[in-house]
Amino acid sequence: MDDKKIKELLTKNENSGSKDFIRQIIEEDIRNNKHNGDVHTRFPPEPNGFLHIGHAKAICLNYGISVQYEGKFNLRFDDTNPIKEETEYVEAILTDMKWLGTNWEDRLFHASDYFPILYDYALKLIKKGKAYVDDLSADEIREYRGTLTQPGKNSPFRDRSVEENLNLFLKMKNGEFAEGEKTLRAKIDMAHPNMNMRDPVMYRIMYKTHHRTGDEWCIYPTYDFTHGQSDSIEHITHSLCSLEFENHRPLYNWFLDELDIYHPQQIEFARLNLSYTVLSKRKLILLVEEGYVDGWDDPRMPTISGLRRRGYTPDSIWDFMDRIGMAKSNNIVDHALLEHCLREELNKTTNRYMAVLKPLKVIIDNYPEDQAEELEAINNPEDQSAGKRKVPFSKELYIEQDDFMEDPPKKFYRLAPWREVRLRYAYFLKCNSFVKDDDGNVIELHCTYDPETRGGSAPDGRKVKATLHWVSAPHAINAEVRLYEKLFINENPYDTPEGKDFTSNINPHSLEILTGSKLEPALAHAKPGERMQFERKGYFCADTKYSTDEKLVFNRTVTLKDDWSKIQKAMKKR
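Residues numbered from 1 in each chain as written. Predicted model: local features only at pLDDT ≥ 70, side-chain atom pairs only at ≥ 80, totals over all residues. Heavy atoms only, no water.

Colleague: Describe the overall build of the protein, naming the residues involved and giving the relevant values.
Modeller: Across its full length, the protein holds 14 helices and 25 strands. In terms of its C-alpha atoms, the protein occupies a principal-axis envelope of roughly 100 × 55 × 50 Å. Counting over 574 residues, the protein shows a buried share of 53%. A sequence separation of at least 24 residues applies to 71% of the contacts in the protein between residues at least 6 apart. Averaging the positions of the 82 positive and the 95 negative side-chain charges in the protein gives two centres separated by 4 Å. (Helix = DSSP H or I, 4+ residues; strand = E, 2+ residues; numbered from the N terminus. Buried < 20%, exposed > 50% of the residue type's maximum accessible area, 1.4 Å probe, protein only. Contact = heavy atoms within 4.5 Å. Lys, Arg positive; Asp, Glu negative; His and termini not counted. Charge placed at Lys NZ, Arg CZ, Asp CG, Glu CD.)

Laid out in C-alpha cells, this is it:
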C-alpha cells in the first residue's frame, strides 16, 4: 500500500457517498484558512503492547487524511510509563505501521523527547499557582476525589505556597522522596462535574529505568499532562482521538490555556468494536500470558501482526476501514465485513492451486502403469496476466475424504459408487469399488477414467454434476495446514454466564492442525507470507513463523464462503 493507492481508494469510496463528519470539519477549516490551511495529523501509540485492528482505524484515519489533503503526519510514541513500556513493542509498532503503508518521513517522535519541556511547563504552572505538590497517597487521592454525584474535597496540602511547591518539586526530581510519597497535581476544581478536572495528577515518582532515557528521570508526567502538550509542541492541527477522550478534552484545553501555548483542535470519533473480537489491551495480554494463543502474532488474534501472519493484506484493511467510515457514537461492526473485504482482494490477486487437506487415495485401474502427463491449469481466472501452469496427472491420486460417500444422501453430487464426476482440468472419473480398514473407514478408491474427456468435457455430450480437485500422489508434496476459525464463539465475548469471564467464550475449535495434507508440486517453494487460493477450500498463506523449506506450513486466511454477502441480501429482503 502506498500513498497513491491510499488516495485512489479514499477518493473512489468518497465519491460513492457523503464525506464523514471529520473530513467535513477539515475541509471547512481549509476553506477558512484555519491553521493557514495546513493539515497535520499524528498517531500516538503507547509502546506497552502490540497494535490491533482498532488501532488500525486510527492509523488509517490520521494517515489517510494527511495523504488526502496533502498534509503532514507524525508518528509519536507516548512513552510516559516506564513500568509497562518495552523496546519490543516499539519495534513491533514500527513494523506494523510500515506494513500498513504509513510514511512519517523524518517525523518520528517520542513524548520522552519532550520531558525537559514538560518539566518546564510544570514549573510554569506552579509559579502561576495552578499546580501543587501533594502528600496524599494514591488511595487517599481516590477517596478525596469524590464520586459522579458527590463533589470531591481539597487536599490538606493544596494551599502550599509557590516557593514550597517549587522546592518540593525539585526534590521530587532529584530523587529525595520515595515512590508514592508525593505527586504534582493541577489545581483546578475539586467540585467540578467532570471528574478529570478534579485536580488531576501531573507527575508521579517512579524509580524505573526508561527504555529511552534510562535513569535520567525519576519523575514521569502522566498521559493526560503529556498528550495535549505533545500535540502542541508538534503543531498538530487536528488531534483526532477516540470517544473515550471526549471527557479529557476540557482538561487538555485547560493545560493549553494556562500554559498559553499553541492549541490543536481535538475531534473525537467512535472507536472500532468488532463482533467476535476483544480489543482490550489488558484482555489481549491475558490471552497471550495464559497461553490461550501462540503469542501476539497468533493468526486468531486481532493484532496487526496476527492478521498479517494469517494472510490479511494492508489493502483489505484500508478498504475495510474506509467502508465502515467515521461515526460519533459507538457501534459494533460485523466481523463478516472484514472478511468480505479480504475475499474481494484475494479473489482478484491470488493464484489458484490444488491442495487436498484430508486425503483419500484413488487408484485409476485403467490408467497406464508408470505413466504421467502434464495438464494445463489456469493460475487466476480474474487475472489473465497470471498465466497458466502445468499440473502432473498419474495413475494414483488423492481427493478429499469428504468428496466420497459410500451411501450418499439426496443432493450429494460428488463421488460415490458407480457415479461419475469431473476431475478439475483432467478427466471424467467413475468409482467402481473401494477398500475399508478394520474400523470400517474407506481408505482407498478404485476407479476408471475416460481418456476421451481430457479437459473436462465428454465428446458424447454426457454431463456430470460435480467437479473435484485432486493431487497426483507420486508428485504430491507434504504440508501441515492450519485451519483457523474465530477465537470466540459468542458475537459478544463479554456476554458470559454469571461467575464466568470472557475466556469461557473461547472457541475450542478455533484451530485444527492437519499434518498429512497433500499439495500440488507448484507449491513446493511457497515463500513465507505468500498468499494463494486452495481451490474449493479457501484462501491460505505460507506461515511466516513455522513454515520452512523442509516443513511447509500453511494458514487458512479465510474460507470461500462469504457471510457478509448473505447478510446484505437478507437485509434487503426486510
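There's plenty left to go through after this.
Colleague: Describe the packing of aromatic side chains, listing the residues and the values that go with them.
Modeller: The geometry of an aromatic ring pair comes down to the distance between the two centres and the angle between the two planes. Going through the model one piece at a time under the given rule, you end up with 23 aromatic pairs. Both rings, one in Phe115 and one in Trp217, keep their centres 6.0 Å apart while their planes meet at 75°; by these two values the pair is edge-to-face. Of the two residues, Phe115 sits in helix 5 (residues 115-127) while Trp217 sits in the loop between strand 6 (201-205) and strand 7 (219-221), which places them 102 residues apart along the sequence. Its relative accessible area of 2% is what places Phe115 among the buried residues. The interplanar angle of 45° and the centroid separation of 6.2 Å between the aromatic rings of Tyr494 and Phe502 together place this pair among those described as tilted. (Phe/Tyr/Trp six-rings, centres within 6.5 Å; stacked < 30°, edge-to-face > 60°.)

Colleague: So what's going on with the side chain of Ser305? Which residues, and what values?
Modeller: The topology assignment puts Ser305 in helix 11 (residues 304-310). Apart from residues no more than four positions distant in its own chain, Ser305 is found in contact with Phe50, Asp96, Trp296 and Asp297.

Colleague: Run through the sheet that holds strand 25 (residues 553-558), naming residues and quoting values.
Modeller: Across the sheet, which stays open at both edges, the 7 strands sit in the order 10-23-24-25-21-22-11 with mixed pairing between neighbours. Each of the sheet's edge strands pairs with one partner strand only, and the pair in question is strand 10 (352-353) and strand 11 (355-356). Across 4 bridges, strand 23 (residues 531-534) lies against strand 24 (residues 538-542) in antiparallel orientation. Paired with Gln533 across the two strands is Tyr539, which belongs to strand 24. Docked against the sheet, helix 13 (residues 335-349) engages strand 10, strand 23, strand 24 and strand 25, running at close to 120° with respect to strand 25. (Pairing = 2+ DSSP bridges. Axes fitted to C-alpha atoms, helices over the stretch in contact; angles between N-to-C directions.)

Colleague: So what's going on with the sheet that holds strand 20 (residues 471-472)? Residues and values would help.
Modeller: If you trace the 7 strands from one edge of the open sheet to the other, you get 19-16-17-18-12-15-20, paired in mixed fashion. In this open sheet, the two strands that pair with only one neighbour each are strand 19 (467-468) and strand 20. Pairing of strand 16 (residues 420-423) with strand 19 involves 2 bridges; the strand directions are parallel. Directly across from Arg422, in strand 19, lies its bridge partner Thr467.

Colleague: Go over the pattern of salt bridges with me, naming the residues and quoting the values.
Modeller: Taken as a whole, this structure holds 50 salt bridges when the rule is applied. Residues Arg107 and Glu105 are paired through a salt bridge, measuring 2.8 Å at the closest nitrogen-oxygen approach. The partner of Lys390 in a salt bridge is Glu376, with the nearest N and O atoms 4.0 Å apart. Here Glu376 lies in strand 13 (residues 372-378) and Lys390 lies in strand 14 (residues 388-394), a separation of 14 residues in the sequence. On the basis of relative accessible area, Lys390 is assigned to the partly exposed category, the value being 48%. Residue classification places Glu376 among the partly exposed positions, given a relative accessible area of 45%. The network of salt bridges with common partners includes Arg42, Arg76, Asp78, Asp231 and Glu234. (Salt bridge = Lys/Arg side-chain N within 4 Å of Asp/Glu carboxyl O.)

Colleague: With reference to specific residues and values, describe the pairing of strand 14.
Modeller: Burial analysis of strand 14 places 5 of its 7 residues in the buried class, which makes it a mostly covered element. Two strands pair when backbone bridges link them, and strand 13 and strand 14 are joined in this way by 7 bridges, in the antiparallel orientation. By the bridge assignment for strand 14, Ala372 is matched with Ser394.

Colleague: Go over the packing of helix 5 against helix 7 (residues 162-173) with me, naming the residues and quoting the values.
Modeller: At their nearest, the axes of helix 5 and helix 7 sit 9 Å apart, and the two run at 160° to each other. Relative to helix 7, helix 5 is oriented roughly antiparallel. Helix-helix and strand crossings are classified by hand; for helix 5 and helix 7 the assignment is right-handed. On helix 7, the residues that touch Tyr119, Ala122, Leu123, Ile126 and Lys127 of helix 5 are Val162, Asn165, Leu166, Phe169, Leu170 and Lys173. (Parallel < 35°, antiparallel > 145°, perpendicular 65-115°, else oblique. Left-handed = near helix turned anticlockwise from the far one by under 90°.)

Colleague: Lay out unusual backbone geometry with the relevant residues and their values.
Modeller: A positive phi angle, close to 55°, is found at Asp260, a residue other than glycine. Along the polypeptide, Asp260 turns up in the loop between helix 9 (249-259) and strand 9 (265-269). Positive phi, normally seen in glycine, also occurs at Lys411, with a value near 75°. Looking at where Lys411 falls in the secondary structure, it is placed in the loop between strand 15 (396-400) and strand 16.

Colleague: Outline helix 5, listing residues and values.
Modeller: Helix length check: helix 5, at 13 residues, gives a terminal C-alpha distance of 18 Å against a target of 18 Å (1.5 Å per residue), a fit within 8%. Within the span of helix 5, buried status applies to Phe115, Leu118, Tyr119, Tyr121, Ala122, Leu123, Leu125 and Ile126. At the exit of helix 5 stands Gly129, carrying a positive phi of roughly 75°. (Expected span 1.5 Å × (residues − 1).)

Colleague: Residues and numbers for the nonpolar core, please.
Modeller: Ile22, Ile53, Met97 and Phe320 are the most contacted members of the largest nonpolar core, which totals 51 residues. Per-element tally for this core: the top contributor is helix 3 (residues 53-68), with 9 residues. By size, the runner-up hydrophobic cluster in this structure holds 33 residues, among which are Phe115, Leu125, Ile126 and Leu251. (Core = buried A, V, L, I, M, F, W, Y, C linked by side-chain atoms within 4.5 Å.)

Colleague: An account of the packing of helix 2 (residues 21-31) against helix 3 is needed here, citing residue identities and associated values.
Modeller: Two elements in contact, helix 2 and helix 3, have axes whose closest approach is 12 Å; the angle formed by their N-to-C orientations is 35°. For the pair helix 2 and helix 3, the sense of crossing is right-handed. Facing Ile22, Arg23 and Ile26 of helix 2, the residues of helix 3 in contact are Leu61, Gly64, Ile65 and Gln68. Across the contact of helix 2 with helix 3, the residue classes break down as 4 nonpolar, 2 polar and 1 charged. (Nonpolar A, V, L, I, M, F, W, Y, C, P; charged D, E, K, R; others polar.)

Colleague: If you had to explain the side chain of Asn196 to someone new, which residues and values would you point to?
Modeller: Take Asn196: it is sitting in the loop between strand 5 (183-186) and strand 6. Judged by relative accessible area, which is 14%, Asn196 ranks as buried. With residues near it in sequence (within four places) discarded, Asn196 still touches Arg145, Asn247, His248 and Leu251.

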